[in-house]
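Letter by letter, the chains look like this.
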Amino acid sequence: MKGGGGGSGAGKRRWRGLVIGVLGLVVLSMLVPLGFLLGRFHSASTSVFVSDQLDAGGSSGIRSYDKYDVQSGNRSKSEDMLKNVESGSKNHSISSVKKHDSRQGKGSPAPAKVDLQPVPSSNVPEAQKVEGSEPNNVAIVDVGKSCELRFGSYCLWLREHKEDMKDSMVKRLKDQLFVARAYFPSIAKLPTQEKFSRELRQNIQDFERVLSESSKDADLPPQIGQKLQKMEASIAKAKSFPVDCNNVYKKLSQILDLTEDEANFHMKQSAFLYRLAVQTMPKSLHCLSMRLTVDYFTSPSSDMEVPRSEKYSDPTLRHLVIFSKNVLASSVVINSTVMHAKESQNLVFHVLTDQENYFAMKLWYFRNAYKDATVQVLNVEELDLDYHDKAALLPLSLSEEFRVSFHGINNMSILKTRTEYISIFSNSQYLLPEVFPSLKKIVVLDDDVVVQQDLSALWSLSMGGKVNGAVQFCSVRLGQLQSYLGENSLDKNSCAWMSGLNLIDLARWRELKLTETYRRLVQELDIGEQSIEAAALRASLLTFQDLILALDGEWVLSGLGHRYGLDSQAIRKAAVLHYNGNMKPWLEMGIPKYKGYWRKFLNLEDQILSVCNVNP
C-alpha cells in the first residue's frame, strides 16, 4: 500500500510538473508575440501611443485617412516618405546641423558655416538652399526651430493664408479630455475613490466617442453641453484630491510632447504637399504642350517650312535669349517685351528649349506673331556645337534659385535670422558663346519675368571690359559666403548678382574663355555629395568675379515669387518684374496680387487656351 501510495504521489508530482511546464510554454508563447508587437509599435512612430489613444476616442480630430494609417501600423510609411523628402535635402549638406547643435551645447564658439540644401522650384528641376552665418557675432542655432529655414517659402505662404481658429467647442473638448487623462491614473490609484474613478473613466470614454464622430462644432450632438459640464465637474473634483502633482505633470508633459510630434508630422506633410504643388506642372499647361505637339505632327509638313531668317545671326540687331520649358511663360516674356518696344522690327528672340517641348514651342511661335519681332526656337539637345564637353552641360537647365539664410546673435544676445533669395546662371547659360558664334552682345531673360519698359537702352551701355551686366544683390556679399566658396582671392565686399535680366558681352566672354573657367571650377571645387546644380552658385560667382557690370536697381524688381509685401509703386516703376521663387504666376499657388501683371500679356481668347482651360 505504501509503495503504491508512493508511486501514485510521484506520478502526481510528475503530472504537476508537466502542467507547470505546459503553462510556462503557453505564457511564453503569449509574451513573445506581445513583446514583438510592442517593439514594432514602438519603432513605427513616436506618436503611435497618442494616436492610438486619441483615435480610439477621436479627440485628435484626425480624419479617417490618417486614422487608418495609424491603426494599421502604416503611419510610418507616410512619415518615411516625408523624411525621404527632407533627407534628399540633408544629403546635400556641407556641414550637418547636428554638429552645430552639439557644439553649441558644449558652449564652444562655432565658426561660420554654410549649408547647401535643395529647395524645390516650379521653374527649375531642383534649386538649392544655402544657409550661412553672419561674419560678426556668429552663433550656430537650432535651425530646425525656424520655419522658413526648414521649409522655405512654404512658411511665407502659410502665414499669408493662415485662417482663424474655428470649431472652438471641439478644441475645448479636446483640452478637457487631455486634462482628464492626466488626472485619471492618479485617481485610479486611490482605494477609496473607486466610484469616482469609474465616473471619470466614463466621462473620458464619452468624450472619446463624441470626438471620434465629430471633427467640427456642427457635428456635435445636442447634449454636448451637459457632457461638458459633467467633465468639468469631474476635473474640478479630481483637482481637490491630494494626488501626486509630479505624476500629473509627467502625464501632461507626455501628452504635450506627443501632441507636438503630431503637429510636426502634419507640418511636414503640408510642406511636402506645398512642394509638390509648386513643382508639378498644372494640368492645363500640360494639356497645352501636348496639344501643340500633336498638332505639329498632324499638320502638313509643307505648312511648317520656314526659310532660315538672316536676322538670326545679324549682329547689328538686338538679340534676346530665353531658356524655357514653358510655352506660356516664354510667350509672356516675348509679348511683354514687344508691347513696350519702340522698334519691334529690330528685336530677335531666341527661345532655347529641350527635346520634350521643342515641337510645341515651334508650332506656337509659328502660329503667333509678336508685331514685327522675329522668334527662333532651338532645341538645345540637338545643337551642333564644337564645344568638346557639351554633353556635360546638358540636358537643358534653367536659372538656379537659392535660399540664403543667415543666423546669428546680436550684441543684445538676441537671436536674429535673415533669409534672402537669389537666382543665378545654371549650366545651360554657359553654352551661349557656342550657340551664337556671330553675335557680340545679347540680353538673357529668364522665363519668369515680365517686361514693363523699352529695353533698347541696354544695348547702348558701355560694358567697360565687363562681361555680365546684372542687378547686384548686396544683401548677400561674397565675404559672407567665403566659407562656402572656399579660400579664393575674393573681394569680400562684392555683392552677389541676380539672373532674370542680364546683358552679356559674348565677345569678351570668348576672349576670357569663361565657359572653360566655369567647367574647371566645377571640377576643382570639392562639392562632395552635392549635385552639379549645387556647384552652379559657387562656380558662377567665382567665374564672374570682377566681371559684373552693376545695372541700376530700377531695371529689375525681384521677389514676386516669394515676397508678399512689395510696394506697388516700386512694381509700377521697375522695367522688369522677376517672379523668382516658388510661387510662379502661372501656378495656383502664385501670389494673387502679382498675377495681374503677368496675366495681361496672355491672349486668353486663343482657342487652344480655351480648350485646355488655361486661366491662371
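Here the residue index of a chain counts from 1 through its sequence in written order. Residue-level local features of this predicted model are given only where pLDDT is at least 70; pairs of side-chain atoms are given and counted only at 80 or more, and the full residue set underlies all totals for whole chains, interfaces and linings. Note that the side-chain values use all heavy atoms of the structure and ignore hydrogens as well as water.

### Some remarks on the overall build of the protein chain
Argument step 1. By the criteria applied, helices consist of DSSP H or I runs no shorter than four residues and strands consist of E runs no shorter than two, each listed in order from the N terminus. A count of helices and strands for the protein chain gives 22 helices and 16 strands.
Argument step 2. For the protein chain, contacts bridging at least 24 residues in sequence account for 75% of all contacts bridging at least 6. We call two residues in contact when some of their heavy atoms are within 4.5 Å.

### Some points on unusual backbone geometry
Argument step 1. The backbone phi angle of K371 is positive, close to 50°, even though this residue is not glycine.
Argument step 2. Summarising the element assignment, K371 is placed in the loop between α14 (355–367) and β5 (374–379).
Argument step 3. Positive phi, normally seen in glycine, also occurs at D546, with a value near 70°.
Argument step 4. Assignment of secondary structure puts D546 in the loop between α19 (534–543) and β14 (548–550).
Argument step 5. For each residue, the accessible area found with a 1.4 Å probe, counting protein chains only, is set against the maximum for its type, and the residue is called buried under 20%, exposed over 50%, and partly exposed in between. Residue D546 is classed as exposed on the basis of its relative accessible area of 53%.

### Quick look at the packing of aromatic side chains
Argument step 1. When two rings of Phe, Tyr or Trp (its six-membered ring) have centres within 6.5 Å they constitute a pair, described as stacked for plane angles under 30 degrees, edge-to-face for angles over 60, and tilted for the intermediate range. Evaluated as defined, the whole model comprises 18 aromatic pairs.
Argument step 2. Aromatic side chains F297 and F359 sit 4.8 Å apart centroid to centroid with 55° between the ring planes, which places their arrangement in the tilted category. Remark: F359 occurs in helix α14 and F297 occurs in helix α12 (residues 283–298); sequence separation between them is 62 residues.
Argument step 3. What makes F297 exposed here is its relative accessible area of 54%.
Argument step 4. Taken together, a centroid distance of 6.4 Å and an interplanar angle of 85° make the contact between F425 and Y430 edge-to-face.
Argument step 5. Judged by relative accessible area, which is 0%, F425 ranks as buried.
Argument step 6. With relative accessibility at 0%, the residue Y430 sits in the buried group.
Argument step 7. Through pairs of rings, three or more aromatic residues link up here, namely F425, Y430, W497, W509, Y518 and F544.

### Here we look at the sheet that holds strand β16 (residues 576–578)
Argument step 1. Any two strands between which DSSP finds at least two bridges are classified as paired. In space, the three strands of this open sheet follow the order β9-β16-β15, with mixed pairing throughout. Looking at which strands have only one partner, the edges of the open sheet turn out to be β9 (449–451) and β15 (556–558). Recorded for the sheet is a direction-independent mean angle of 15° between the axes of neighbouring strands.
Argument step 2. Across three bridges, β9 lies against β16 in antiparallel orientation. Opposite V449, over in β16, you have H578 as the bridge partner. Lines are fitted to the C-alpha atoms to define the axes, a helix being fitted only along its stretch in contact, and any angle between axes, read from their N-to-C directions, falls within 0 to 180 degrees.

### Considerations on α14
Argument step 1. Listed in full, the buried residues belonging to α14 are N357, Y358, F359, A360, M361, L363, W364 and Y365.
Argument step 2. Buried residues along α14 sit in contact with α12, α13 (327–339), β4 (347–353), β5 and α22 (607–611).

### Describing a positive patch on the surface
Argument step 1. Like charges are joined within 9 Å and nonpolar side chains (Val, Leu, Ile, Met, Phe, Trp, Tyr) within 5 Å, but only among residues with over 30% relative accessible area and no salt bridge; these make up the patches. Residue-level accessible areas treat just the shown protein chains as cover; the underlying method is Shrake-Rupley with a 1.4 Å probe. What counts as a salt bridge is simple: a side-chain nitrogen of Lys or Arg found within 4 Å of a carboxyl oxygen of Asp or Glu. Only four residue types enter the charge count: Lys and Arg as positive, Asp and Glu as negative, with His and the chain ends excluded. Lys charges are placed at NZ, Arg charges at CZ, Asp charges at CG and Glu charges at CD. A surface patch of positive charge is lined by K195, R198, R201 and K237.
Argument step 2. With three residues, helix α9 (residues 194–213) is the largest single contributor of residues to the positive patch.

### Regarding the sheet that holds β4
Strand pairing within a sheet occurs via backbone hydrogen bonds; the two strands may be parallel or antiparallel.
Argument step 1. One open sheet accounts for seven strands, arranged β5-β4-β3-β8-β13-β10-β14; its pairing is mixed. The outermost strands of the open sheet, each flanked by one partner alone, are β5 and β14. Each adjacent strand pair in this sheet contributes to an overall mean axis angle of 25°, direction not counted.
Argument step 2. The pairing of strand β8 (residues 441–446) with strand β13 (residues 501–505) spans five bridges and is antiparallel. Pairing of L445 across the sheet is with L501, part of β13.
Argument step 3. Most of the contacts of α14 go to β5, to which it runs at about 160°, and overall it touches β4 and β5.

### Looking at helix α21 (residues 592–599)
Argument step 1. By the burial criterion, the buried members of α21 are Y594, K595, Y597 and W598. Take α21 and look down its axis: the buried residues cluster within an arc of 160°, on one side only. Working note: the arc is built from the helix axis to C-beta atom directions.

### Focus on the pattern of salt bridges
Argument step 1. One pass over the structure, following the stated rule, counts nine salt bridges.
Argument step 2. One salt bridge connects R172 with E232, and the closest N-O pair in it is separated by 2.6 Å. Taken together, the residues R172 in helix α8 (residues 168–188) and E232 in helix α10 (residues 224–240) connect sequence positions 60 residues apart.
Argument step 3. Members of the salt-bridge network, linked through shared partners, are E401, D448 and K584.

### Details of the packing of α9 against α10
Argument step 1. Their axes nearest at 10 Å, the elements α9 and α10 cross at an angle of 140°. On the basis of the axis angle, α9 is oblique to α10. In this structure, α9 crosses over α10, and the sense of that crossing is left-handed. Here F196, E199, L200, N203, I204, D206, F207 and V210 of α9 lie close against α10, whose contacting residues are I224, K227, L228, K230, M231, S234, K237 and A238.
Argument step 2. Throughout this entry, Asp, Glu, Lys and Arg are counted as charged residues, while Ala, Val, Leu, Ile, Met, Phe, Trp, Tyr, Cys and Pro are counted as nonpolar. The remaining residues, Gly among them, count as polar. Considering only residue class, the contact of α9 with α10 consists of nine nonpolar, two polar and five charged. An angle counts as roughly parallel when it lies under 35 degrees, as roughly antiparallel when it exceeds 145, as roughly perpendicular when it falls between 65 and 115, and as oblique in every other case. Take the far helix as your reference; a near helix turned counterclockwise from it by less than a right angle gives a left-handed crossing, and one turned clockwise gives a right-handed crossing.

### Considering the environment of K239
Argument step 1. Residue placement: K239 occurs in helix α10.
Argument step 2. Distance from K239 to Y183, taken between C-alpha atoms, is 7.9 Å for residues 56 residues apart in sequence.

### Some thoughts on the packing of α8 against α10
The description of two helices packed together rests on the angle between their axes and the distance between the axes.
Argument step 1. The contact between α8 and α10 brings their axes to 10 Å, and the two run at 35°. Crossing angle aside, the handedness with which α8 passes α10 is left-handed. Across the interface between the two elements, M169, R172, L173, Q176, V179, A180, Y183 and I187 of α8 pack against I224, L228, M231, E232, I235, A238 and K239 of α10.
Argument step 2. Its residues placed into classes, the contact of α8 with α10 shows eleven nonpolar, one polar and three charged.

### Structural notes on the pairing of strand β3 (residues 318–323)
Argument step 1. In terms of burial, β3 is a largely internal element, five of the six residues being buried.
Argument step 2. Where β3 lies against β4, six bridges are found, and the strand directions are parallel. If you follow H319 over to β4, its bridge partner there is V348.
Argument step 3. Here β3 pairs with β8 via five bridges, running parallel. Within the sheet, the bridge partner assigned to V321 lies in β8 and is V444.

### As for the state of the cysteines
Argument step 1. In this description, the term disulfide denotes a pair of cysteine sulfurs within 2.5 Å. Under the criterion given, the structure shown has two disulfides.
Argument step 2. Between the sulfur atoms of C287 and its disulfide mate C612 the distance is 2.1 Å. Taking the sign of the S-S torsion, about -70° here, the bridge from C287 to C612 comes out left-handed. With C287 in helix α12 and C612 in the segment after α22, this residue pair connects regions lying 325 residues apart in the sequence.
Argument step 3. Looking at C612, the relative accessible area reads 5%, which means it is buried.

### With respect to the confidence of the model for the protein chain
Argument step 1. Predictor confidence is given residue by residue as pLDDT, running from a minimum of 0 to a maximum of 100. Averaged over all residues, the pLDDT of the protein chain equals 75, while 69% of them reach at least 70.
Argument step 2. Here residues 1–6 is a poorly scored stretch, pLDDT under 50, and it has zero contacts once near neighbours within four places are set aside; other chains count.
Argument step 3. Every residue in residues 36–119 scores below 50 in pLDDT, and together they form 153 contacts with partners more than four places removed in sequence or on other chains.

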